Structure formats: C-alpha cells, structure tokens
Amino acid sequence: MTPFLSIIIPIYKIKESYLRECFDSLLAQDMKDFQIIAVDDGSPDQSGDICDEYAQKDERVIVIHQENAGVSVARNAGIKAASTEWITFVDPDDWVESNHVSTLYNAQKKYNDFDIFWFDYVQEFDGKSNVKYLKDSSGVLDKEWVHNLKIAPFNFLSVNGRAYEYETNTIWNKMYRASLLKDNEMWFDPKARKGQDVIFNAECLQLTDKFYYIHSALYHYRYLQESVTNRFNEKAQYYNEVAFENYERIIKKFSLPEEYWKAYYARVLTRLYSCMRLFYFHPENKMSRKLVNEQLNQTLDKYPYNVALKKVDRTTLTQSQRIFVFFLKKRAYGILRILVNGRQSLKRLSGARLKK
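Residues numbered from 1 in each chain as written. Predicted model: local features only at pLDDT ≥ 70, side-chain atom pairs only at ≥ 80, totals over all residues. Heavy atoms only, no water.

(A) A look at the pairing of strand β6 (residues 116-125). β6 sits mainly inside the fold: 10 of its 10 residues count as buried. Alignment of β6 against strand β11 (residues 174-177), held across 3 bridges, turns out to be antiparallel. The residue bridging Phe-117 from the neighbouring strand is Met-175, located in β11. The sheet contact formed by β6 and strand β12 (residues 211-222) spans 9 bridges and is parallel. If you follow Phe-117 over to β12, its bridge partner there is Tyr-212. One ladder, built from 5 bridges, connects β6 with strand β7 (residues 128-132); its direction is antiparallel. Pairing of Glu-124 across the sheet is with Ser-129, part of β7. (Buried < 20%, exposed > 50% of the residue type's maximum accessible area, 1.4 Å probe, protein only. Helix = DSSP H or I, 4+ residues; strand = E, 2+ residues; numbered from the N terminus. Pairing = 2+ DSSP bridges.)

Structural data, given as structure tokens:
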C-alpha cells in the first residue's frame, strides 16, 4: 500500500539514546503505511550514521544528508522529498505513542476534506509527565476555535478572554495536508534559526478554516534541563526581528484585521523578555550595565518597538506581561533585570526549563 503519511525529522547533534528512542517509537507503530524522512543536517556526531543504520533495517526510512544549514532548511528538504498526501513532524529527541500513525490515518480517512489535524501531547519532565489537551472531545473545530487558533501565533492562544496553555505554535502536534503546503509554497524561513515553527504556523493557519481536533495525546515532548534556549545568544534580538518581518508580511499578505496588528504589537514587546534573558541580562554578557541600558534605549527608539510601545493594547497582554510592559515603558531596566532573572531562578528550581 502507498504510504499516506510522511514523518519529517530534522537531525543535528542529538544524544544517541534520544534519537534511537525516537526511531524505535516510530518503527513500533501499529500500522505500517507511512514513511520517515530523516534529514541529517550535517551533524558532526554519529547521528547521520544512526539514521543510515535504521534505513538499512527498514525501507520506510529515507535519509537525506546535507551540509549544515539549519533546521528550517532541513525541514524544507523533507517537505520537498515527501510524496504522500499528509505530512507531520517529529523532533529527534522526542517520541510518539504506538497508535500515533493509526490514529491520524483513521481521522483523515473519516474526515478527508479537512486540511489540518490537531492532536494532544505529553510534556515530559525529569520524573514527571503532564498531558495537555485542547478540548474535552474530538471533533470539528468551530468558527470561534478556528479564529482563536489562527491568531495565536501572533501572540498567544486566548480562550474566553484568558490565556490558554496549549502549544499552538509548534508543528509536531499537527498533521498537514501536503498539497496545502506545496501548492502555497509554504516553507520554513532559512533566516529563522529560532522560532521558525511559529512563523510557519502563523502563515499556514491562514490558508484554511478546515481544522479537525483529535482528543488523544499522541506525542511526547521532552523538556531538557540544558537547552540552547537558555544559552547566551548574541543573536536573540536578530532572530526576533526576522520573525517580526514575517509577521508583518503575513498580516499584509492576507489583509488580516486590526486585531492581528494588536496581537503583533504585544508580541513585539513581550519578545524583548527573551532578548533580556538570553542576551542583555545574561550572566555571560560582559557589557557594563550602562552600555546595556544604552543599547536597550536604542532598541526601544527604533521600529517596530517604538510603534508597539505607543499602540499596544493592555487587553492583549496577560497579567505578568502587563507588569513587564509597564516597566518597559518606564525604561526601568534595573527592575526588569530583577524580574527576568528572578523568574529564571524559579524555573530552575521547578525544573521546568523548555528545551527549545
């Protein structure tokens, strides 16, 4: 039987036990009609060899070796190589349930006129697991849900006026119709080395209203104590600004209404939190506090930050974000440093540091 689904895995410097657990979970599926496209992004360790090993064991595993170009280029290579009706994504340090493929197969067989299938996931911490559900039951997502999910990548998912904790911006808890991606030239931005999946979904979700939700936790998302997300990153602001360019392009491309601009302005300001955490206030930043403050002032005086400061709507912010933006407007960098570093200390104590 022709495979109905391509599972794309971008791979670069992955712990061997994690990568093997990922492959093993996929090859232990309770149905066989799928293919795995493993893209070795020039990994300098044994990851590429492990991919080849699994390809020799199972013909459903297709391996692409490329020079290191980043996760966006790796995923694009996978999309181009996919010849199936459906595409989904798995990160190489995660794993899936044994009924992952069969559940997706049965859903698309019964509801084949839908374009994107959403499903639940499990947050995997060290010694603790949390199941995250979007709703209480499977079904067609109505107009209100579709609206909330479409705008979520521009800020956050809001349900009944409150922030809703569910990963709407990731690609590993969705199955996409391949023609939706290819016919609309939906590719990951190679310049976006961080947050590329958020940009991808911000645009892709505007292409259709046909969303179906599967109330089943099929995916295990591994949270790691050590992460590139927490390392000193001099390019943190650059990557955010690449995303900002894409958000504006998408809003204009689809002539999206004013509420998208409001969500975007909120995101522009709240993403400065990550810049402060990873660069400005990071312990490895050797700049003097005076120089840090000068650079922050220069940032707030330029577009799009200056416009966002004027136009941000407090109703688009959570309570903690309102506090952050309040002190940001005051340019109270000393207080912001305490808030950012204090929050990170709490996260370290709780062991809930995100891996990406």
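Anyway, onward from the coordinates.
(B) Spatial organisation of the nonpolar core. In terms of nonpolar packing, the biggest core is built from 73 residues, with Leu-5, Ile-9, Phe-23, Trp-118 and Leu-141 touching the most fellow members. Element by element, the count of residues in this core is highest for β12, at 7 residues. Look past the residues within four positions of Leu-5 in its chain and what remains in contact with it is Asp-33, Phe-34, Gln-35, Thr-84, Trp-86, Ile-87, Thr-88, Val-101, Leu-104 and Met-175. Ranked by size, the runner-up nonpolar core spans 44 residues in total, among them Ile-151, Phe-281, Leu-296 and Leu-317. (Core = buried A, V, L, I, M, F, W, Y, C linked by side-chain atoms within 4.5 Å. Contact = heavy atoms within 4.5 Å.)

(C) The arrangement of the packing of aromatic side chains in detail. Here the structure, examined in full by the defined rule, presents 33 aromatic pairs. Summarising the aromatic geometry, the rings of Phe-89 and Phe-188 are spaced 5.7 Å apart at their centres and angled 85° between planes, so their arrangement reads as edge-to-face. Of this pair, Phe-89 sits in strand β4 (residues 86-89) while Phe-188 sits in the loop between α6 (178-183) and α7 (196-204), and the two are 99 residues apart along the sequence. The exposure class of Phe-188 is buried, given its relative accessible area of 1%. Residues Trp-261 and Tyr-264 carry aromatic rings whose centres are separated by 5.9 Å and whose planes lie at 75° to one another, so their mutual orientation is edge-to-face. Of this pair, Trp-261 and Tyr-264 both sit in helix α9 (residues 258-270), 3 residues apart, which is roughly one turn of that helix. Each member of the pair Trp-261 and Tyr-264 is classed as buried. An aromatic cluster of three or more residues is present, and its members are Phe-154, Phe-244, Tyr-247, Tyr-260, Trp-261, Tyr-264, Tyr-265 and Tyr-305. Positioned above the aromatic ring of Trp-187 is the side chain of Lys-80, whose terminal nitrogen or guanidinium carbon lies 5.4 Å from the ring centre. Across from the ring centre of Tyr-18, 3.8 Å away, lies the NZ or CZ of Arg-222, which sits over that ring. (Phe/Tyr/Trp six-rings, centres within 6.5 Å; stacked < 30°, edge-to-face > 60°. Lys NZ or Arg CZ within 6 Å of the ring centre and 35° of its normal.)

Limitation: the analysis is restricted to geometry and does not speak to function.
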